[in-house]
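Architecture and fold: a report
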Amino acid sequence: MTLTVTLPTVEDTHAFGRRLAAVLRAGDLLLLTGPLGAGKTALTQGIGAGLGVLGDITSPTFVIARLHRPDPARGGTVALVHADAYRLGDAGDPRAEIDDLDLDASVDDSVTVVEWGEGLVEQLVDAHLRVRLDRREDDTRLVELEPVGGDWARRLEALR
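Heads up: these notes are all about the structure in this document. This structure is a prediction, so every number in the text was calculated from the model and none was measured.

This part covers the overall build of the protein. For the protein, the count of helices and strands is five helices and seven strands. Its helices and strands taken in sequence order, the protein reads β-α-β-α-β-β-α-α-β-β-β-α from the N to the C terminus. By residue count, 48% of the 160 residues in the protein fall in the buried class. Taking the contacts inside the protein whose residues are at least 6 apart along the sequence as the reference set, 65% of them involve residues at least 24 apart. Carbon and sulfur atoms provide 47% of the accessible area of the protein, an area that totals close to 7600 Å².

Spelled out as structure tokens, the structure:
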């Protein structure tokens, strides 16, 4: 079961991220793919807002990964790890660099969102959510969510 959603604006992308956060829990892995400017970070900003985490969520392209701790004052109970594997694709062994990030050390206790991580991080968990984003010429974003194992298909029903 794949869920496809059309998001006309960046604000709609943020709002959908907040809705998606409502079905997320510690131990979840989301793999975000799509061209530059498709809305991967905007979606993650919405997820962070929905999870109630601390700090501004910006693209982790140059720092590779950021940990955003939950803010109890905003209702946060679970951390968000936001990683970007874009620059790792040029490495001789990008999986070794992923291992160096120690994502496996935090994956059970946080929601982990990895941009450009397809083919690199799926082994961290038994089930994950593939999120493909595309930006059309009119700036509308098309988001396709594909559950891979676990109870993702059931949880995505809440987003229909």
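Counting 29 residues, the largest nonpolar core has Leu20, Leu30, Ile47, Val131 and Leu145 as its most contacted members. Broken down by secondary-structure element, the contributors of at least two residues to this core are β1 (3–7), α1 (10–21), β2 (29–33), α2 (40–51), β5 (110–115), β6 (128–135), β7 (141–148) and α5 (152–156). When residues no more than four places from it in sequence are discounted, the contact partners of Ile47 are Gly17, Arg18, Leu20, Ala21, Leu24, Leu30, Leu80 and Val113. Grouped together as the second largest cluster of nonpolar side chains are nine residues, Ala83, Ala85, Leu120 and Val125 included.

In this section: the sheet that holds β1. Strand pairing in a sheet relies on backbone hydrogen bonds, with the paired strands running either antiparallel or parallel. The seven strands lie next to each other as β1-β7-β6-β2-β5-β4-β3, forming an open sheet whose pairing is mixed. The open sheet is flanked by β1 and β3 (65–68), the only strands paired with a single partner. The sheet shows a mean angle of 20° between the axes of neighbouring strands, direction not considered. In the sheet, β2 pairs with β6 via four bridges, with the strands oriented parallel. By the bridge assignment, Leu31 is partnered in β6 with Arg130.

Here we come to the side chain of Glu115. When you line up the elements, Glu115 lands in strand β5. For the buried Glu115, no salt bridge exists, and the shortest N-O distance to an oppositely charged side chain is 5.0 Å, to Lys40. A polar contact of 2.9 Å, which involves the side chain of Glu115, links it to the side chain of Thr41.

Moving on, we come to α2. Compared with the 16 Å implied by 1.5 Å per residue over twelve residues, the 16 Å span of α2 between its first and last C-alpha is a close match. Summarising burial for α2: nine of the twelve residues are buried, a large majority. All of the buried residues in α2 are Lys40, Thr41, Ala42, Leu43, Thr44, Gly46, Ile47, Gly48 and Leu51. In this fold, the buried residues of α2 make contact with α1, β2, β4 (79–84), β5 and β6. Directly beyond the C-terminal end of α2, a positive phi value near 70° is found at Gly52.

Moving on, we get to α1. Given a rise of 1.5 Å per residue, twelve residues ought to cover 16 Å, and the 17 Å separating the end C-alpha atoms of α1 matches this to within 8%. All buried positions along α1 are accounted for by Thr13, Phe16, Gly17, Leu20 and Ala21. Buried residues of α1, viewed axially, fall in a sector of 145°; they line one side. Its buried side turned inward, α1 meets β1, β2, α2, β6 and β7.

Okay, the environment of Gly150 next. As for its placement among the helices and strands, Gly150 is situated in the loop between β7 and α5. With relative accessibility at 70%, the residue Gly150 sits in the exposed group. For the pair Gly150 and Val125, spaced 25 residues apart in the sequence, the C-alpha separation amounts to 9.9 Å.

What follows covers the packing of aromatic side chains. Any pair of aromatic rings gets described here by the distance separating the centres and the angle formed by the planes. Across all of its chains, the model carries zero aromatic pairs by this definition. The aromatic ring of Trp152 is capped on one face by Arg155, whose charged end is 4.0 Å from the ring centroid.

About the thresholds
Residues numbered from 1 in each chain as written. Predicted model: local features only at pLDDT ≥ 70, side-chain atom pairs only at ≥ 80, totals over all residues. Heavy atoms only, no water. Helix = DSSP H or I, 4+ residues; strand = E, 2+ residues; numbered from the N terminus. Buried < 20%, exposed > 50% of the residue type's maximum accessible area, 1.4 Å probe, protein only. Contact = heavy atoms within 4.5 Å. Areas by Shrake-Rupley, 256 points an atom, 1.4 Å probe, with all protein chains shown as cover. Core = buried A, V, L, I, M, F, W, Y, C linked by side-chain atoms within 4.5 Å. Pairing = 2+ DSSP bridges. Axes fitted to C-alpha atoms, helices over the stretch in contact; angles between N-to-C directions. Lys, Arg positive; Asp, Glu negative; His and termini not counted. Salt bridge = Lys/Arg side-chain N within 4 Å of Asp/Glu carboxyl O. Polar contact = N/O pair within 3.5 Å; in protein donor to acceptor, adjacent residues only side chain to side chain. Expected span 1.5 Å × (residues − 1). Arc of directions from axis to C-beta. Phe/Tyr/Trp six-rings, centres within 6.5 Å; stacked < 30°, edge-to-face > 60°. Lys NZ or Arg CZ within 6 Å of the ring centre and 35° of its normal.

Take it as geometry only, folks, not as evidence of what the structure does.
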